[in-house]
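Residue-level structure breakdown
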Amino acid sequence: MRLDKYLKVSRLIKRRTVANEACDAGRVSVGGRPVRASYDVKEGDIIEINFGARTVKVRVVSVSEYAKKDDAPAMYSLID
């Protein structure tokens, strides 16, 4: 699954266009390196998103095309 779609489906970022813009601006990295929105997300990937002064780091637990609001947090686990 594309990174921008994963960020939207997992509800880490609210809209896919915003996720795409964040990737283009270099604010999203996987495994410590900046990636494009077309990056293919796999289970076990570590995604780091910079929201201004705040950074969110998550590990991909599952990849699915659709997720209900209640199931979305189960797609990733937060890393401190």
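Reference entry: report on the structure contained in this document. Keep in mind that this is a model prediction, so the values were computed, not measured. (Residues numbered from 1 in each chain as written. Predicted model: local features only at pLDDT ≥ 70, side-chain atom pairs only at ≥ 80, totals over all residues. Heavy atoms only, no water.)

**Here's the deal with the nonpolar core**
Nonpolar side chains in soluble globular proteins generally cluster together in the buried interior. Put simply, the rule is: In this text, buried Ala, Val, Leu, Ile, Met, Phe, Trp, Tyr and Cys residues form a nonpolar core when linked through side-chain atoms within 4.5 Å. When accessible area is computed with a 1.4 Å probe and restricted to protein chains, residues below 20% of their type maximum are described as buried, those above 50% as exposed, and intermediate ones as partly exposed. Numbering goes from the N terminus for both helices and strands, where a helix is a DSSP run of H or I of at least four residues and a strand is a run of E of at least two. Any pair of residues with heavy atoms lying within 4.5 Å of one another is described as a contacting pair.
Counting 23 residues, the largest nonpolar core has Leu3, Tyr6, Leu7, Val28, Ile47 and Ile49 as the members making the most contacts within it. Listing elements by their share of this core, those giving two or more residues are helix H1 (3-9), helix H2 (16-24), strand E1 (28-30), strand E3 (46-51) and strand E4 (54-60). It is H1 that provides the largest number of residues to this core, a total of 4 residues. The contacts of Val28, once residues within four sequence positions are left out, are Leu3, Leu7, Ala22, Cys23, Pro34, Val35, Ile47, Glu48 and Ile49.

**Remarks on the packing of aromatic side chains**
So the rule is basically this: For Phe, Tyr and Trp, rings pair up if their centres lie within 6.5 Å, where Trp contributes its six-membered ring, and each pair is then called stacked (planes under 30 degrees apart), edge-to-face (over 60) or tilted (otherwise). The criterion is that NZ of a Lys, or CZ of an Arg, lies within 6 Å of the ring centre and within 35 degrees of the ring normal, and then a charge sits over that ring.
This structure, assessed with the given rule, holds 0 aromatic pairs. For the cation-ring pair, Lys5 lies above Tyr66, with the distance from its terminal atom to the ring centre recorded as 6.0 Å.

**A closer look at the environment of Tyr6**
Locating Tyr6 in the fold gives a position in helix H1. Distance in space between the C-alpha atoms of Tyr6 and Pro73 is 12 Å, their sequence separation being 67 residues. If near-sequence neighbours (up to four positions away) are discounted, Tyr6 is found in contact with Met1, Val41, Ile47, Val60, Val61, Ser62, Val63, Met75 and Tyr76.

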